[in-house]
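Given next are the chains, with one letter for each unit.
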Amino acid sequence: MDDKRYTVILVHSISHAVKAERLLNQAGITCKLIPVPRQFSSQCGVCVRLRRADKDRGIDALNVGDLAIEGVYDYE
């Protein structure tokens, strides 16, 4: 991930994060599981980070996979 502009997608649990990673990979979208950045949630947890350029495709892939999204945030 060369571009320093990312999107993080928050989901309800680590099992949802793993499912999100699998769905995104199946859609050909590079992603990474990371701890939830504190500026987006005070709760501990894992979220999915992807390039901001892939944000819309990523959200579509998760919706098609029937995965509930808790939040979507852009950051650098």
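Above: the structure in question.
Residues numbered from 1 in each chain as written. Predicted model: local features only at pLDDT ≥ 70, side-chain atom pairs only at ≥ 80, totals over all residues. Heavy atoms only, no water.

**Observations concerning the sheet that holds strand β3 (residues 46–51)**
Rule in force here: In this scheme, strands are said to pair when DSSP sees at least two bridges between them. Each helix is a run of DSSP H or I of at least 4 residues and each strand a run of E of at least 2, with the numbering of both proceeding from the N terminus. Here the axes come from fitting lines to C-alpha atoms, over the contacting stretch only for helices, and the angles between their N-to-C directions go from 0 to 180 degrees. Note on contacts: a residue pair qualifies if any of its non-hydrogen atoms lie within 4.5 Å across the two residues.
The sheet built from 4 strands is open, its strands ordered β2-β3-β1-β4 with antiparallel pairing. Two strands close off the open sheet at either side, each with one partner strand: β2 (31–35) and β4 (71–75). Within the sheet, the average angular offset between the axes of one strand and its neighbour, ignoring direction, is 30 degrees. Bridge count between strand β1 (residues 6–10) and β4: 5 bridges; the pairing is antiparallel. Bridge pairing in β4 links Y6 to Y75. Sheet strands in contact with helix α1 (residues 14–26) are β2 and β3, and its direction is about 20 degrees off that of β3.

**Some thoughts on the pattern of salt bridges**
Two side chains carrying opposite charge are able to pair once their charged atoms lie near each other. Inclusion rule: Here, a salt bridge means any side-chain nitrogen of Lys or Arg that lies within 4 Å of a carboxyl oxygen of Asp or Glu. Residue exposure (1.4 Å probe, protein chains only): buried if accessible area is under 20% of the type maximum, exposed if over 50%, otherwise partly exposed.
For the coordinates displayed, the defined rule picks out 4 salt bridges. Here R52 and D74 are joined by a salt bridge, their closest N and O atoms 3.9 Å apart. With R52 in the loop between β3 and α2 (55–64) and D74 in strand β4, the pair connects residues that are 22 residues apart, well separated along the chain. Across the pair D74 and K55 runs a salt bridge, and its minimum N-O distance is 3.2 Å. Pair noted here: D74 is in strand β4 and K55 is in helix α2, with a separation of 19 residues, a long-range link. Given the relative accessible area of 23%, K55 is considered partly exposed. Ionic contacts of the salt-bridge type, sharing partners, join the residues R51, D54 and R57 into one network.

**Some details on the packing of α1 against α2**
Put simply, the rule reads: An angle counts as roughly parallel when it lies under 35 degrees, as roughly antiparallel when it exceeds 145, as roughly perpendicular when it falls between 65 and 115, and as oblique in every other case. When the near helix sits turned anticlockwise from the far one by under a right angle, the crossing is termed left-handed; a clockwise turn instead gives a right-handed crossing.
Orientation of α1 relative to α2, taken along the N-to-C sense of each, is 115 degrees, at an axis distance of 9 Å. As judged from the angle between their axes, α1 and α2 are roughly perpendicular. The handedness of the crossing between α1 and α2 comes out as right-handed. Counted together, A20, L23 and L24 of α1 and G58, A61 and L62 of α2 form the full contact between these two elements.

**Some words on the pairing of β1**
A regular strand places its side chains on the two faces of the sheet in alternate fashion. For β1, the buried fraction is high: 5 of the 5 residues fall into the buried class. What you see with β1 is no split at all: Y6, V8 and L10 on one side and T7 and I9 on the other are buried throughout. Here 5 bridges tie β1 to β3, and the two strands are oriented antiparallel to one another. Bridge pairing in β3 links V8 to R49.

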